[in-house]
Amino acid sequence: MGLPNLPAAKICRAGDFIERLKENCAGKKVPEIRGELYLEFHRGTYTNIAKNKKNNRKSEFLFQNAEFASVLAELFAGRKYRAEELSEGWKLILKNQFHDILPGSSIEEVYNDSDADYASIALIGGEIYETALAAAAENVASDEEFIAFNPNTAAYSGPVFYGGRYYNVQNVAGKGFTGVALKDAPSRVCLQEKRMENDYYAVTFDEKYRLSRIYDKLRGREILKSACAGNVLEAHEDYPPGYYDGWELRVYHDEKIWEIDDVAAAEFFDEGARRGVKITRRFMHSTIEQKICLYDNCPRIDFETFADWHDEHLCIKAYFPFDLNATKATYDIQFGNIERATTRNNSWEQAKFEVCAHKFADVSESDYGVALMNDSKYGYEILGSETRLTLLRCATYPNPNGDKGKHEFTYSLYAHEGDLRNSDVVAQAYALNNPVAVIGNRHKGKRLKDGFSFVTADCGDVVIDTVKKAESGRGIVLRAFESANKHKTARLTFGFAVKRIFETDLMEKDIAEIAVKDNAVPLCFKPFEIKTLRIET
């Protein structure tokens, strides 16, 4: 019956509604909008309850690595693939992605439960990963004392962490193993008063230990705007209206800002191939400690951050005024990235004062850019080229203790030649989030050559995201995507004998067989296209 003078409502399935809508719009001119469906609401959920954001991302990478290591262990060490345990772990991860758990807008008791769940996830996934990795690594034919495992697509040269120190390694095969020697060597990172420098950057601090200068030595570029400081830690007043404290972040949070500039201590640190300055800051009832890190063999500046937070209704951000001419930025999202305007020319742009991203946001000119990467954050605010990464919120409803407590996270600055599409930002972001692991080489096996890759792609824009056993148990599933908004043909070459390969849909149902030649297959990708293969060995 409905209400008088209002259209009658009818309950139906979404699919039925869409089909009816298609029929009603057939042959008619209707408005068309391309781009994301940006929700102009609940922007605080990108950041609220930071521990869950971190646990979620770490858990996803852990279980992807556990699946890949388990495939290697079954293929080369005859170790049973623990499909049921992996499936149960994924279900637990997915449960904790439910609304309102992952958004950070649940009551406190929910997070007591999710803490226990994430502890179980780490225990189960960690045990599967470590035992499978050790079994597979025993087959690597290397005389080196250590084996490096690279879970990412791109080959890796840079720092690895082992035994409390950092060491340099070279040319660790992507999606595979390489024998490495971990040796201390004289560091190329120079530390002097309020200055530090390596082969890539010269960094200067002001009296408040903000970054007064970041000079890109390879390209002769000043990264920060003149007379401006970078890595400024800001506390924004954060009082959303009424009911939506844990959900909402309003534009007026930028109207009242305090700088977190009280330096309690500053000292150099030396961790082998990583050196830098450790700064301790006090703010109200809270403490933030940062290690600002340069490496011998890595073109990143890392900001390793430890916060002991006890204050309320503040939004904490890290501010970098990049000296770049940009009216848009590019943000990492699942299986690709998205461009958004960094201007405020109309109501749609004004609404996007805080936006979500995964591993990085990149601001570029046509031939040069800077990415601000992270290992567990999701909220960015970019106006022009002035970039803020949102680190913490301190809401008190519906969880009165919200983000109070200890936090540990890293964000990272990476300058590059070319714009994002012609850089290796994606590979650098994966290296930050899913670092190369090192284990002892106890058995010095013979089955796998030193430098073994499970699979390689001859196109750097193609990312091998997933390697796991098929849900049906019939073969191995590999999932890849194009990451740079390009049409690309990539040749995937496998490091083991392959009998047959099928392209499948996302549900792993076969679509067509692909001819295998010389243990390789060609794949044609459309921009950001995801492809899934089922491999029979």
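Going along each chain's sequence as written, the residues are numbered from 1 onward. Owing to the predicted nature of the model, reporting of local features is limited to residues with pLDDT of at least 70; listing and counting of side-chain atom pairs is limited to 80 or more, with chain, interface and lining totals taken over all residues. Side-chain numbers here rest on the full set of heavy atoms in the structure, without hydrogens or water.

(A) Main features of helix α3 (residues 83-95). A run of H or I in DSSP becomes a helix once it reaches four residues, and a run of E becomes a strand once it reaches two; helices and strands are each numbered from the N terminus. Expected helix span is computed as 1.5 Å times (number of residues minus one). For α3, which comprises 13 residues, the first-to-last C-alpha distance of 18 Å matches the rise-based estimate of 18 Å (1.5 Å per residue) to within 8%. Three exposure classes are used, based on accessible area relative to the maximum for each residue type with a 1.4 Å probe and protein chains only: buried under 20%, partly exposed in between, and exposed over 50%. For α3, the set of buried residues is Leu86, Gly89, Leu92 and Ile93. When α3 is viewed along its axis, its buried side chains cluster within an angular range of 120 degrees and face the same direction. Looking at α3, the residues exposed on the side facing more than 90 degrees away from the buried face are Glu84 and Leu94. Here, the arc refers to the directions that run from the helix axis to the C-beta atoms.

(B) View of the environment of Ala148. Of note, Ala148 is situated in strand β2 (residues 146-150). Ala148 sits in the buried class, given a relative accessible area of 0%. Taking the C-alpha atoms as reference points, Ala148 and Tyr414, 266 residues apart in sequence, are found 24 Å from one another.

(C) Quick look at empty space enclosed by the protein. Think of a 1 Å grid over the protein atoms and nothing else: a 1.4 Å probe that fits but is trapped marks a cavity, an open set flanked by protein within 12 Å on at least five of seven lines marks a pocket, and residues with an atom within 4 Å of a point count as lining. Grid points are joined across faces, edges and corners, and a volume is the space filled by probe spheres set on the points. Under the criterion given, the structure shown has four cavities of 30 Å³ or more. Of the pockets and cavities examined, the largest cavity occupies roughly 50 Å³. If you trace the largest cavity, you find it lined by Ser70, Ala73, Arg79, Lys80, Arg82, Ile128, Thr131 and Ala132. When contributions to the lining of the largest cavity are tallied by element, the ones reaching two or more residues are α2 (50-77) and α4 (108-137). A total of three residues in the lining of the largest cavity trace back to one element, the largest contributor, which is α4. Split by residue class, the lining of the largest cavity holds three nonpolar, two polar and three charged. In this classification, Asp, Glu, Lys and Arg are treated as charged, Ala, Val, Leu, Ile, Met, Phe, Trp, Tyr, Cys and Pro as nonpolar, and every other residue, Gly included, as polar.

(D) Here's a closer look at the pairing of strand β31 (residues 488-494). Any two strands are treated as partners once DSSP identifies two or more bridges connecting them. Strand direction decides the pairing type here: strand β28 (residues 455-457) and β31, joined by three bridges, are antiparallel. Bridged to Val455 within β31 is Phe494. Relative to strand β34 (residues 520-525), β31 is paired through six bridges, and the arrangement is antiparallel. Within β34, the residue paired with Ala490 across the bridge is Leu523.

(E) View of unusual backbone geometry. At the junction of His99 and Asp100, the peptide bond is cis and its omega measures out at 10 degrees in the coordinates. Checked against the element boundaries, Asp100 lands in the loop between α3 and α4. With phi around 50 degrees, Met284 is a residue other than glycine that occupies positive phi space. For Met284, the location among the structural elements is in the loop between β14 (274-283) and β15 (286-295). In this structure, Asp518 takes a positive phi of about 55 degrees despite not being glycine. Its location among the elements puts Asp518 in the loop between β33 (510-514) and β34. Judged by relative accessible area, which is 61%, Asp518 ranks as exposed.

(F) The pairing of strand β9 (residues 211-216), seen in detail. Two elements, strand β8 (residues 201-205) and β9, share five bridges in a ladder whose sense is antiparallel. In the sheet register, Ala202 faces β9, and the bridge partner there is Tyr215. Connecting β8 to the antiparallel partner β9 that follows it, the hairpin turn spans five residues, and Tyr209 within it adopts a positive phi of roughly 60 degrees. As paired elements, β9 and strand β10 (residues 221-222) share two bridges and run antiparallel to each other. In the strand pairing of β10, Tyr215 is matched with Glu222.

(G) Fine view of the pattern of salt bridges. For this document, the term salt bridge refers to a Lys or Arg side-chain nitrogen within 4 Å of an Asp or Glu carboxyl oxygen. As enumerated under the stated definition, the model contains 50 salt bridges in all. Residue Lys217 pairs with Glu197 through a salt bridge whose shortest N-O separation is 2.7 Å. Here the residue Lys217 occupies a position in the loop between β9 and β10, and Glu197 occupies one in strand β7 (residues 195-197), the gap between them amounting to 20 residues. By relative accessible area, Glu197 is classed as partly exposed at 21%. Between Asp461 and Lys486 there is a salt bridge, with its nearest N and O atoms 3.3 Å apart. Here the residue Asp461 occupies a position in the loop between β28 and β29 (462-469), and Lys486 occupies one in the loop between β30 (476-482) and β31, the gap between them amounting to 25 residues. Classification of Asp461 as buried rests on a relative accessible area of 12%. Here the residues in one salt-bridge network are Glu271, Arg274, Lys291 and Glu304, joined through shared partners.

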